[in-house]
Amino acid sequence: MLFRSEFISQIEVAKTEEERSWIIIKILLDSLSPELSEAVWAAAIPHWFNPEILAALCPGLESTIEKLYEKLQELSFVEEFPGRGYNIHDSTRKQMLTHLWSKDPERFCQLSKNAANYFAQHNNQPELQIEWLYHLIVTNPDQAAEALAQVIYQWLNSFRIAELDFLKNRLLERVELDANIIFINQENDNLKQKINRQ
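Presented here is a report on the structure given in the accompanying data block. Here the residue numbering is sequential within each chain, running from 1 through the sequence in written order. Side-chain atom pairs in this predicted model are given and counted only at pLDDT of 80 or more, local residue features only at pLDDT of at least 70, and totals for whole chains, interfaces and linings cover all residues. Only hydrogens and water are set aside; all other atoms, that is, all heavy atoms of the structure, feed into the side-chain values.

**A word on the packing of aromatic side chains**
Inference 1: Classification of ring pairs uses Phe, Tyr and Trp, with its six-membered ring standing for Trp, and accepts pairs whose centres are within 6.5 Å; under 30 degrees between planes counts as stacked, over 60 as edge-to-face, and the remaining range as tilted. Within this structure, the stated rule accounts for 7 aromatic pairs.
Inference 2: Here Trp48 and Phe119 contribute two aromatic rings whose centre-to-centre distance is 5.5 Å and whose plane-to-plane angle is 75°, an arrangement assigned as edge-to-face. Within this pair, whereas Trp48 is found in the loop between helix 3 (34–43) and helix 4 (51–57), its partner Phe119 is found in helix 7 (residues 105–121), the two being separated by 71 residues in sequence. For the pair Trp48 and Phe119, one class covers both residues: buried.
Inference 3: Ring centres of Phe49 and Tyr69 lie 6.0 Å apart, and the angle between their planes is 90°; on these two criteria the pair is classed as edge-to-face. One end of the pair, Phe49, is in the loop between helix 3 and helix 4; the other, Tyr69, is in helix 5 (residues 65–73), and 20 residues separate them in sequence.
Inference 4: Three or more aromatic residues link up through ring pairs in this structure, and these residues are Trp48, Phe81, Tyr118 and Phe119. The way it works is that DSSP assigns letters per residue, a run of H or I at least four long becomes a helix, a run of E at least two long becomes a strand, and they are numbered from the N terminus. Only protein chains enter the calculation, and the probe is 1.4 Å; a residue is then buried if its accessible area is under 20% of its type maximum, exposed if over 50%, and partly exposed in between.

Listed below in structure tokens is the structure:
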């Protein structure tokens, strides 16, 4: 855990509200047990989680999932997701996903693959199909494009406009996350180039 002076100096150096927010999130994450930390990172991948989803994302923690699920609910950045379970607060989730993708893309992809596999087996409702497609785009873009075309065709033919709108919003969120990651990587590359020139 950071000492108070280190925390204050990091906050002062941070240029944006997002950077300051990430410093606080990181301090919270660093204070968790390794198992709970692993569960938090996994819980950030889907838009909501319950014990079954967590078990699919973290097969190594299956025996302690119920206990971890209870502990997750006590965290300040976890909120109820009506009818489904809980979720990581949206702004915290976006920062965690951006950080995970830029720092550990293999882990991001593995968790996304686990999520895609889980939702592939549980996609009997539009919201579950959308969640499956959201994760499939990361892990298998070709299959996702084909499945997306089928879903759009079916929903257009049955006039399911609300579902199509929800799908569009989830896909735009995915694009926004990818754009943030590209921007961060460019900023990091620019910083490295400046350092190398000095």
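**Description of the nonpolar core**
Inference 1: Judged by nonpolar contacts, the single largest core of 53 residues is most densely connected at Leu29, Val40, Phe49, Leu72, Ile88, Met96 and Phe119.
Inference 2: Residue contributions to this core peak at 7 residues, all from helix 8 (residues 126–139).
Inference 3: Whether two residues are in contact is decided by their heavy atoms, any of which lying within 4.5 Å being enough. Discounting chain neighbours no more than four positions away, the residues touching Ile88 are Val40, Ala43, Ala44, Phe49, Phe77, Val78, Arg93 and Met96. Joining through side-chain atoms within 4.5 Å is the link that ties buried Ala, Val, Leu, Ile, Met, Phe, Trp, Tyr and Cys residues into a set, and such a set is a nonpolar core.

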